[in-house]
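Residues per chain, in single letters:
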Amino acid sequence: MHEKFSKIGFVLAMAGSAVGLGNAWKFPTMVGNHGGSAFILLYLFFTIFVAAVAFLAESAVGKLGESDTVTSLERIAPSHKKAWSLGGFFMIGAVLIASFYLVVIGWIAYYVVLSFTTLPTQASQAGEIFNNLISNNAAIEILCFSAVFGVVFYTVSKGIKNGIERLNMIMMPMLLVLLILMLLYACFKADGFTSALAFIFIPDFNKIFDAEIILQALGLALFSLSIGVCTISTYSASLNEDTNVFKSVLSIIAINIAVGVMMGLIVFSFIPINASQSAASGPGLIFVSLLSLFGNLGIVGNVLGVMFFISLLFAGITSAVSMIEPFVLYLINHFHFTRVNAILSIGAFVFILGVLCALSYYEPSANALSFSFGANKAKPFFDVLDFLTSNILMPLGALFFSVFVGWVLKKEGLVILFSNYVSVRIFEIWYFLLRFILPLGIIAVAIYSLAKA
Ligand code: PFF
């Protein structure tokens, strides 16, 4: 029997996994890139009808199997146990995500320190700072990456209760307080708050029907709820007996959406919407535009900068720990590794991939670490991993859990699991979405994007 989360610890740890750079970095960037509220509508649609449905299914696997995901699948599959247990290897996706994700958290750590100094007032200067970091200053970049890598792996080495739960119990409430303070400032002091509200809440439907945007919105919905890579099933295996899975999942999803919208409002209150659309490609929005706008606010800008980048740091770290735990638990259960040895093995893998990601933007090695597929322009290794995980592995993982839970597991087991928590009607709606809408949605998006590619 392994360690269990406390009730609140579970919600915070799951919310900690969900709320991360997906909300704080990808969400505002993509919203800026793809024309605001239209993209948000698509994102919400996919969050509710695909990601949330898959979240519950993955959670059910963890709760019923009560072990690492490979073992859980093997235990609960009614037949062909070994074959179904292979689905547990979607956890490799989480480890791949960790490697580029920790590089971005490293940039953020650098920006926390930077925010204590005089900030640039021109976007061009801010652009230079960012460019210098990622293209010319591999040593500093890898140093920052190593520091956050150390924090994340140290936390996971302490286990569920003393490591992961404790970290989330500290960082998540602090994150919330920071967000509320920044939002209040944006609301009362920033000129752009009203246009940010309009940009986020008034939809422009012209922009929705674009294959690329649809795929990105689906990818983001899955990414931001950590779907399909065995994080949710692993955390749910440590779910306390008297925790209401359904209610917890709903609060996690609500927190996740709320943080995304709050982040969007904060970012777009400071960045003029037009500028956001031209600066939004790549990480420019937050690391370039926002930095110079903070720079124009003097000391207030420094305070905002520190608060903003610390909140990103916390959001990122609590997500990163959840990417490591699934594989760690698997190595411990299957190969009788000690937790420390499991951490060291996975750590070595993530470290090497992370350094390669960082070096794929570094000028001297960028060419060697870029890959082209078909006629498309060469992509840095960092972007290849991001695309492979968010747009391929996560949708496939979600599809796997939907088929396994919706079609392979016996319905009675699920009814028993959920009957204490939800009415029959809600259960039936979820079950229908799981069996039909989720897989069809993912397959349709895949075909649509392949056809347009
Ligand atoms: N949900 C996280 C975010 O929005 O940043 C990213 C993530 C965490 C993806 C954990 C996958 C995962 F297993």
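None of these values were measured; they are calculated from a predicted model.

## Some words on the packing of aromatic side chains
Here comes step 1: Taken as a whole, this structure holds 45 aromatic pairs when the rule is applied.
Here comes step 2: On the numbers, 5.4 Å between centres and 80 degrees between planes, the contact of Phe 89 with Tyr 330 is edge-to-face. With Phe 89 in the loop between helix H5 (81–85) and helix H6 (91–114) and Tyr 330 in helix H16 (residues 298–335), this residue pair connects regions lying 241 residues apart in the sequence.
Here comes step 3: Assessed through its relative accessible area of 30%, Phe 89 is described here as partly exposed.
Here comes step 4: By relative accessible area, Tyr 330 is classed as buried at 8%.
Here comes step 5: With 6.1 Å between their ring centres and 65 degrees between their planes, Phe 294 and Phe 308 make a pair best called edge-to-face. In this pair, Phe 294 sits in helix H15 (residues 284–295) while Phe 308 sits in helix H16, placing the two residues 14 residues apart along the sequence.
Here comes step 6: Residue classification places Phe 308 among the buried residues on the basis of a relative accessible area of 0%.
Here comes step 7: Lying over the aromatic face of Phe 223, Lys 26 brings its terminal NZ or CZ to 4.1 Å of the ring centre.

## Focus on helix H19 (residues 381–408)
Here comes step 1: Of all the bends in H19, the greatest, near 35 degrees, is centred on Thr 389.
Here comes step 2: Of all 28 residues that make up H19, 21 are buried, and the element is covered over most of its length.

## Some remarks on the side chain of Ser 402
Here comes step 1: Summarising the element assignment, Ser 402 is placed in helix H19.
Here comes step 2: Setting aside its immediate chain neighbours within four residues, Ser 402 contacts Trp 407, Leu 434, Leu 438 and Pro 439.

What counts, and at which threshold
Residues numbered from 1 in each chain as written. Predicted model: local features only at pLDDT ≥ 70, side-chain atom pairs only at ≥ 80, totals over all residues. Heavy atoms only, no water. Phe/Tyr/Trp six-rings, centres within 6.5 Å; stacked < 30°, edge-to-face > 60°. Helix = DSSP H or I, 4+ residues; strand = E, 2+ residues; numbered from the N terminus. Buried < 20%, exposed > 50% of the residue type's maximum accessible area, 1.4 Å probe, protein only. Lys NZ or Arg CZ within 6 Å of the ring centre and 35° of its normal. Bend = angle between axes of the 7 residues up to and from the residue. Contact = heavy atoms within 4.5 Å.

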